[in-house]
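Coordinate inspection notes
So you can see what is in the structure, the chains are spelled out below.
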Amino acid sequence: MAIIFSSENFKSIFGSFLKSFRRFPLTLLCSLVATVCVILIAKDEVHSKVLEKIAVTFGLFLPMFFSAEIFEERKQTPRFLILGLSVLAILTFYFLGFPEVVDIFNNKSFLIRLGVLVIVFHLLVSVAPYIFTKNSSGFWQYNKTLLINILTAFLYTFTLSAGLVLAVSGVQNLFEVKLVDDWFVYIWFGVNGFFNTLIFTSKLPALEQIDKETSYPLGLKFFTQYVLLPLVAIFLAILLAYEGKIILAWSLPKGLVSIMVLASAIFGILAFLLIYPLKNLNNWIHSYNKAYYWILIPLVGLMLVAIYVRISQYGLTEPRYFVAMLAVWMLGIAIYFSFSKVDNIKIIPLSLLLLGLIGIFAPYNAFQSSRTNQIGRMKEVLIKNKLLKAGKIIVPFNFTLDSMNQDRLYAALEYLAESHPGNLKDYLTEKQFDELTAEKNDFQRAQLIYKLINLPQKKSFDIYKYFSVKRPSFYDLNKADFFVDSREHGGEKGAIIIEKDSLSWKLEQDILTFIIGKKEKVNFDINKLKNENSTELGIESTTFELETTKFSMKLLIESGNSNNGILENLQWKLFLTNK
């Protein structure tokens, strides 16, 4: 214990942190700004869209600044050039990279772009100091160190934050000490945000030391040999058997096969990377590496057929675009490692990084290609069925479509209304377009388009709508004698005992029925909730009051959803007052 709290130990920790600040100042600054913004947003006192933009921008560019600073340690380019370009990139994204919408987290296209950039910047971290350095062993050791540091930082900060939360809660309750209301927010986000980054960077050795490292963790070998490789074998066996089945039956592959092939490729390539240093020491590892990629080639072909069938039926979307790109990438990787004698593993993250950038910024990127494809498919069906009058969509009463044209038109309308509503402006009247764009929820907008243009609802289409009510955190009981919370007793069906009488309830046909004792029955008609256009309902429209011979009952609806017109997953609170 004395060693742990010794001055030498504290000096060592403080020294490693100070060295980290000197080595990665911009990385830690990014982490600090993002953490502070997240804390302010979580407190919900100074919540604003500006804070959201700052938090997203600095959180996204944190790995990019780390890449710039670790790359600069090679002294291959001027420091001011690399860091200057990084600052320019973050400013460009902040001012030009966000969509012109109220809620950036309710914009599907933006979230897809953000997700791809997160992956791209983390891939950049894995290759940054070795882009112009030919050292496969050092590259592998560097990424091994990154992985160990990530796991170590997560273990440290999660344990520390959980321990501090329990400790402060204990002090607060045992000693009846009044603390600020937001102490939990400060501890949890502060430790798991900024201090996580600080611990990660402080444990990263110098690149010269990493380049000379030759050790291989025995646990990593066992994990790869006894966990990853069996999983790869299971996936390959399932996929090869399925491929044989569709060849014998001469049928088209199902869409799920793409996910299975992707999972197999992820596990297989990960296993290949983890045991890469041992490839020349064990014959079976060398044989596995070559055999795996030969087996992967026909499976990727199966995946390409599956994604082609999906795109031809429902059109191109951003997720399908990226899945198709990944399939082509996997085919290229499989061919390269099947024939290459060099086996340069740096090509895996580097090519994947370039693929992500092409998917976002290339002339025929995922968003432009998907939009163009879906508009073309929509116009083709509209013109073929004479549904365009003076450029506007006019659907006659009782109009019907054959199944193929219905799939094409409905998929295109859903996609455009949800992700690119502005592209429907020329095809709708001004009133229709204003009503469509007034709906800020992407999913609800995709449902609204059918109603606006008078298209019949297709039978296989599910209408799912979630709604919630923003109520105060604390309820005024208003002298109520009893209180029932559906979260504790079940929202759609349940029963409790009140003053020796039973109180039971059930939700059927949009009626929430309460039965008091054996005879008295009270019905709350909540049917109107599913017909509301907004996803956030008002307090008045979700508050119901009824009288019984014994109680005054007040029902407050908090949230729920309607699935094909049927209310479900209802959350409510009931107050009962004796008369």
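A brief look at the structure comes next. Here the structure is a predicted model, which is why all the values come from computation and not from measurement.

Parameters and conventions
Residues numbered from 1 in each chain as written. Predicted model: local features only at pLDDT ≥ 70, side-chain atom pairs only at ≥ 80, totals over all residues. Heavy atoms only, no water. Pairing = 2+ DSSP bridges. Helix = DSSP H or I, 4+ residues; strand = E, 2+ residues; numbered from the N terminus. Axes fitted to C-alpha atoms, helices over the stretch in contact; angles between N-to-C directions. Parallel < 35°, antiparallel > 145°, perpendicular 65-115°, else oblique. Left-handed = near helix turned anticlockwise from the far one by under 90°. Nonpolar A, V, L, I, M, F, W, Y, C, P; charged D, E, K, R; others polar. Salt bridge = Lys/Arg side-chain N within 4 Å of Asp/Glu carboxyl O. Buried < 20%, exposed > 50% of the residue type's maximum accessible area, 1.4 Å probe, protein only.

**With respect to the pairing of strand β6 (residues 501-508)**
Examined bridge by bridge, strand β5 (residues 493-498) and β6 share six bridges and lie antiparallel to one another. Counted as the bridge partner of K493 is K506 from β6. If you look at the hairpin formed by β5 and β6, you'll find two residues sitting between the two strands, and E499 has a positive phi there, around 50 degrees. Alignment of β6 against strand β7 (residues 511-516), held across six bridges, turns out to be antiparallel.

**A word on the sheet that holds β5**
If you walk across this open sheet you meet the four strands as β5-β6-β7-β8, and the pairing is antiparallel. With one partner strand each, in any of the chains shown, β5 and β8 (520-525) form the two edges of the open sheet. Sheet twist, expressed as the mean angle between neighbouring strand axes with direction ignored, is 15 degrees. Both β7 and β8 contribute to a ladder of six bridges, which runs antiparallel. Counterpart to I511 in the pairing with β8 is D525.

**Some words on the packing of helix α3 (residues 49-72) against helix α4 (residues 79-96)**
For the pair α3 and α4, interaxial distance at closest approach is 10 Å and the crossing angle is 160 degrees. Judged by the angle between their axes, α3 and α4 are roughly antiparallel. Two packed elements cross with a definite hand, and for α3 against α4 that hand is right-handed. Partitioning the contact of α3 with α4 into residue classes produces 16 nonpolar, two polar and four charged.

**Quick notes on the pattern of salt bridges**
A side chain with one charge may pair with a side chain of the opposite charge, provided their charged atoms come close. Taken as a whole, this structure holds nine salt bridges when the rule is applied. Residue R74 is joined to D211 by a salt bridge in which the shortest nitrogen-to-oxygen separation is 2.9 Å. Taken as a pair, R74 in the loop between α3 and α4 and D211 in helix α8 (residues 207-212) lie far apart in primary sequence, 137 residues in all. Accessibility expressed as a relative area gives 18% for R74, which makes it buried. Across the pair K550 and D501 runs a salt bridge, and its minimum N-O distance is 3.2 Å. Residue K550 is found in the loop between β10 (543-547) and β11 (551-563), and its partner D501 is found in strand β6; the two are separated by 49 residues along the sequence. Its relative accessible area of 29% is what places D501 among the partly exposed residues. Here the salt bridges share partners, and the residues they tie into one network are D485, E558 and K573.

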